Amino acid sequence: MPEPPSSNAAHLSAPFRLDEELWQHLIPDSRRVLSTASDYRAWLAARPAADGSPAITLVFKALEIELLVRVLHPFRIDFQRSLPGEARVALLNDLKREEWSRPLGRFFSGGRPPALAETMSYLVMLNAVAADVPGNVLALWKRWLRSRFASAHHWWGRRRVAQRMAAATITYRNRYIHDLVATTSDVERALAVLWGQKANPGLLLQAFRILTHGLPRPLESSEPCRGCGRFMWAYPLRVPERHCLQCPGPGN
Ligand SMILES: [Zn+2]
């Protein structure tokens, strides 16, 4: 697979052009997706009758990739490692019992990750959860997020990034994935919410900043993944440090 664009200034048009430091932080697959969205929007400019949906929906895909690699995968691995077998089984059974927590239980048992709006709704719930409650998976998650992301509280705190992103996912992504055709003005409206302007960063930029603020840039790992042989990404100061984007296990 060809390398993703290494510098965004040369490849992307506004509003997709990101602060270079933030761009270098992003996972290669997210860069690839954002650059495709930017190209698609440029392609649309001469085709006002075309469906603009991909210019919107791909942006959410980039956020899903970042969340999976930085939050969901590492948390699942820590969850499996840190809880003794019996406590883990009991917690998983609890999660699978209730409708709201079933996607989380399924993911912790090795299944697919919760959908973007579901993940955001869990982050919203953290506002009402005391981080010191034992045996509560959301409390565990809140402690975990706070210890790894200096700005984690912006998901659920006063800025309500998770709540606004959950609403944006439903309004701007889900409809265009299914049955709605996006006009040029729909695309511009959605991009304005997601990207904002220089002085007033949009929702997507706020989410990316929460996921990267204060953290070192990821590096390409020197060891290939033992599961699939592809290179892995190393995120210094994380546990686990290395992530294979193909295999779900820790550091493989
Ligand atoms: Zn692998």
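Definitions and cut-offs
- Residues numbered from 1 in each chain as written.
- Predicted model: local features only at pLDDT ≥ 70, side-chain atom pairs only at ≥ 80, totals over all residues.
- Helix = DSSP H or I, 4+ residues; strand = E, 2+ residues; numbered from the N terminus.
- Rg over C-alpha atoms; globule rule 2.2 N^0.38 Å.
- Buried ≥ 20, exposed ≤ 12 C-beta atoms within 10 Å, placed from the backbone.
- Contact = placed C-beta atoms within 7 Å.
- Pairing = 2+ DSSP bridges.
- Core = buried A, V, L, I, M, F, W, Y, C linked by C-beta atoms within 7 Å.
- Axes fitted to C-alpha atoms, helices over the stretch in contact; angles between N-to-C directions.
- Parallel < 35°, antiparallel > 145°, perpendicular 65-115°, else oblique.
- Left-handed = near helix turned anticlockwise from the far one by under 90°.
- Nonpolar A, V, L, I, M, F, W, Y, C, P; charged D, E, K, R; others polar.
- Domains from an automatic or database assignment.

## A closer look at the overall build of the protein
Along the backbone of the protein there are 12 helices and five strands. Relative to the 2.2 N^0.38 estimate, which gives 18 Å for 252 residues, the radius of gyration of the protein is 19 Å and therefore close to what a compact globule would have. Taken over the C-alpha atoms alone, the protein extends approximately 60 × 40 × 35 Å along its principal axes. Within the protein, the proportion of its 252 residues that are buried is 33%. Counting only contacts in the protein whose residues sit at least 6 apart along the sequence, the fraction spanning at least 24 positions is 54%.

## Brief notes about helix α12 (residues 203-212)
Burial within α12 is extensive, with seven of its 10 residues counted as buried. Listed as buried for α12 are L203, L204, A207, F208, I210, L211 and T212. Following α12 by one or two positions, G214 has its phi on the positive side, about 80 degrees.

## Let's talk about the pairing of strand β4 (residues 231-234)
Walk down a regular strand and you will see the side chains alternate between the two sheet faces. As defined by bridge partners, strand β3 (residues 219-224) adjoins β4 across three bridges and the pair is classed as antiparallel. Residue pairing across strands places P224 opposite F231, the latter belonging to β4. As consecutive antiparallel partners, β3 and β4 are separated by six residues, and within that stretch G229 has a phi angle of approximately 85 degrees, a positive value.

## Looking at the nonpolar core
Of all hydrophobic cores here, the largest spans 53 residues; its most connected members are I56, V59, W155, A162, M165 and A207. Apart from residues lying up to four places away in sequence, A207 is in contact with L63, V161 and M165.

## Regarding the packing of helix α10 (residues 161-178) against α12
Packing of α10 against α12 brings their axes to within 10 Å, and their N-to-C directions diverge by 135 degrees. One finds that α10 runs oblique with respect to α12. The hand of the α10/α12 crossing is left-handed. Contacts from V161, R164, M165 and A168 of α10 reach α12 at L203, Q206, A207 and I210. Broken down by class, the residue content of the contact of α10 with α12 amounts to six nonpolar, one polar and one charged.

## Section: the domain arrangement of the protein
Assigned domains of the protein: these are domain 1 (8-215) and domain 2 (218-252). Just the C-alpha atoms count here: the centres of domain 1 and domain 2 sit 21 Å apart.

## Quick look at the packing of helix α3 (residues 28-44) against helix α4 (residues 53-82)
The description of two packed helices rests on the angle between their axes and on the distance between the axes. Look at α3 against α4: their axes get within 9 Å of each other, and the N-to-C directions meet at 175 degrees. As judged from the angle between their axes, α3 and α4 are roughly antiparallel. Between α3 and α4, the contacting residues are D29, S30, V33, L34, T36, A37, Y40, R41 and L44 on the first element and P54, A55, L58, V59, K61, A62, I65 and E66 on the second. Tallied by class, residues from the contact of α3 with α4 come to 11 nonpolar, two polar and four charged.

## Overview of the environment of L12
Within the element layout of this structure, L12 appears in the loop between α1 (8-11) and α2 (20-25). Sequence separation of L12 and L83 is 71 residues, and the distance between their C-alpha atoms is 44 Å. Not counting residues up to four positions away in its chain, the partners in contact with L12 are R17, S35 and S38.

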